[in-house]
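# Results of the structural survey
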Amino acid sequence: MSRTLLRRALVAGVSLTATAVLAGCGSSDDHGAGGGGHGSPTGTAPADGTSAAAHNAADVMFAQMMIPHHQQAVAMADLAATRAADSQVKQLAAQIKEAQAPEIATMSGWLTAWGTPTPSGAPTTMPGMDHGGTAMPGMDHGGSGAPTRSAMPGMDHGMPGMMSDADMTRLSAASGRDFDRQFLTMMIAHHEGAITMARTEAAQGANSDAKALAGRIATTQQTEIDTMKTLLARI
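Quick caveat: nothing in here was measured; it's all calculated off a predicted structure.

### A closer look at the overall build of the protein chain
Within the protein chain, the secondary structure is distributed over six helices and zero strands. Ordered by position from N to C terminus, the α and β elements of the protein chain give α-α-α-α-α-α. Of the contacts formed within the protein chain by residues at least 6 apart in sequence, a portion of 74% connects residues at least 24 apart. As displayed, the protein chain has an accessible area near 12600 Å², and 58% of this comes from carbon and sulfur atoms.

The structure is reproduced here in structure tokens:
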């Protein structure tokens, strides 16, 4: 009789031990599944939204180059307010300024958030990227690989579509129909350069906001190019 009681006690002890071990394993698994443990394949997005600021070098280049590019377009549009003769040219210039000034502020904000330098002023060419510097897509080159002057103004510089100091001086000195023709010719080239940069951003950028802006720039400025070509043919 004593042997039977001893056997039952041993069996009960083994059962209790197994139950405790299984309970411990279950606790660990539950923690891993419910608490986003190390074995979890996905993580929780940061509460501060820092993931939205993800960007790469192409995004930075796009903003740093498009800001002075837009600044020059705004400067050209300002000239049209007092020098243009055609009412539609004046209206188009105002439209360009209205669209691009807020985009300058937006891109400047991105650069600040990304901790990268923000361009100031409105240079006609970027340092180190004019004649003899690194060329951007859309530049005209000769057989030697060096930039050569194109028939269209603004296409002989490192930043596509940017006007030179001489181009801007000549535009500033013009008025009436002469100004209208110069403005339209230069702004068409300027817009074409912006579209080149926007397409590069769309293909190589990582920031969703920057890529979306690039798409809007390409669409809007192509529409304006079509309008300017129609106006130029009439003037």
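Here the narrative resumes.
### Remarks on the nonpolar core
Core analysis: the largest hydrophobic core is formed by 48 residues, its most contacted members being Phe62, Met76, Met107, Phe179, Phe183 and Leu184. Contributions of two or more residues to this core are made by α2 (57–83), α3 (87–114), α4 (165–173), α5 (176–204) and α6 (208–234). Looking at which element gives the most residues to this core, the answer is α2, with twelve residues.

### Regarding the packing of α4 against α5
Two numbers describe how α4 lies on α5: the axes approach to 9 Å, and their chain directions differ by 150°. Classified by the interaxial angle, the pair formed by α4 and α5 is roughly antiparallel. The chirality of how α4 crosses α5 is left-handed. Contacts from Asp167, Arg170 and Leu171 in α4 reach Phe179, Gln182, Phe183 and Met186 in α5. Its residues assigned to classes, the contact of α4 with α5 shows four nonpolar, one polar and two charged.

### A short note on α6
Taking 1.5 Å of rise per residue, 27 residues should cover 39 Å, and α6 covers 40 Å from first to last C-alpha, within 8% of that figure. For α6, the complete set of buried residues consists of Ala210, Leu213, Ala214, Ile217, Ala218, Gln221, Glu224, Ile225, Met228 and Leu231. On the buried face of α6, the contacting elements are α2, α3 and α5. Its side-chain oxygen at 3.0 Å from the backbone nitrogen of Asp209, Asn207 defines the N-terminal cap of α6.

### Details of the packing of α2 against α6
Packing of α2 against α6 brings their axes to within 11 Å, and their N-to-C directions diverge by 40°. Taken together, the axes of α2 and α6 lie oblique to each other. Relative to α6, the crossing made by α2 is left-handed. On α6, the residues touching Asp59, Phe62, Met66 and His70 of α2 are Ala210, Leu213, Ala214, Ile217 and Gln221. Looking at side-chain class alone, the contact of α2 with α6 contains six nonpolar, two polar and one charged residues.

### Considerations on the environment of Leu171
Along the chain, Leu171 falls in helix α4. Here the alpha-carbon distance between Leu171 and Arg181, two residues ten residues apart in the chain, equals 9.8 Å.

### Overview of the environment of Val89
Tracing the backbone shows Val89 in helix α3. Sequence spacing of Val89 and Phe179 is 90 residues, and the spatial spacing of their C-alpha atoms is 9.8 Å. Not counting chain neighbours up to four residues away, the residues in contact with Val89 comprise Ala84, Asp180, Phe183, Leu184, Leu231 and Ile235.

### Quick word on the pattern of salt bridges
Under the defined criterion, the tally for this structure stands at three salt bridges. Two residues, Arg234 and Asp86, come together in a salt bridge whose shortest N-O distance is 3.0 Å. Here the residue Arg234 occupies a position in helix α6, and Asp86 occupies one in the loop between α2 and α3, the gap between them amounting to 148 residues. For Arg234, a relative accessible area of 45% translates into the label partly exposed. When its relative accessible area of 14% is taken as the criterion, Asp86 is described as buried. With a shortest N-O distance of 3.0 Å, Asp167 and Arg170 are connected by a salt bridge. You can see Asp167 and its partner Arg170 sitting in helix α4, three residues apart, about one turn around the helix. The class of Asp167 is buried, set by a relative accessible area of 1%.

### A word on the packing of aromatic side chains
Given two aromatic rings, their pairing is described by the distance between the two centres and the angle made by the two planes. Applying the stated rule across the entire model yields two aromatic pairs. With a centroid separation of 6.1 Å and 20° between ring planes, the pair formed by Trp110 and Trp114 is classed as stacked. Within this pair, Trp110 and its partner Trp114 are both found in helix α3, separated by four residues, close to a single helical turn. No difference in accessibility class separates Trp110 from Trp114, as the two residues are buried. Arranged with centres 5.7 Å apart and planes meeting at 20°, the rings of Phe179 and Phe183 form a pair that is stacked.

Conventions adopted
Residues numbered from 1 in each chain as written. Predicted model: local features only at pLDDT ≥ 70, side-chain atom pairs only at ≥ 80, totals over all residues. Heavy atoms only, no water. Helix = DSSP H or I, 4+ residues; strand = E, 2+ residues; numbered from the N terminus. Contact = heavy atoms within 4.5 Å. Areas by Shrake-Rupley, 256 points an atom, 1.4 Å probe, with all protein chains shown as cover. Core = buried A, V, L, I, M, F, W, Y, C linked by side-chain atoms within 4.5 Å. Buried < 20%, exposed > 50% of the residue type's maximum accessible area, 1.4 Å probe, protein only. Axes fitted to C-alpha atoms, helices over the stretch in contact; angles between N-to-C directions. Parallel < 35°, antiparallel > 145°, perpendicular 65-115°, else oblique. Left-handed = near helix turned anticlockwise from the far one by under 90°. Nonpolar A, V, L, I, M, F, W, Y, C, P; charged D, E, K, R; others polar. Expected span 1.5 Å × (residues − 1). Polar contact = N/O pair within 3.5 Å; in protein donor to acceptor, adjacent residues only side chain to side chain. Salt bridge = Lys/Arg side-chain N within 4 Å of Asp/Glu carboxyl O. Phe/Tyr/Trp six-rings, centres within 6.5 Å; stacked < 30°, edge-to-face > 60°.

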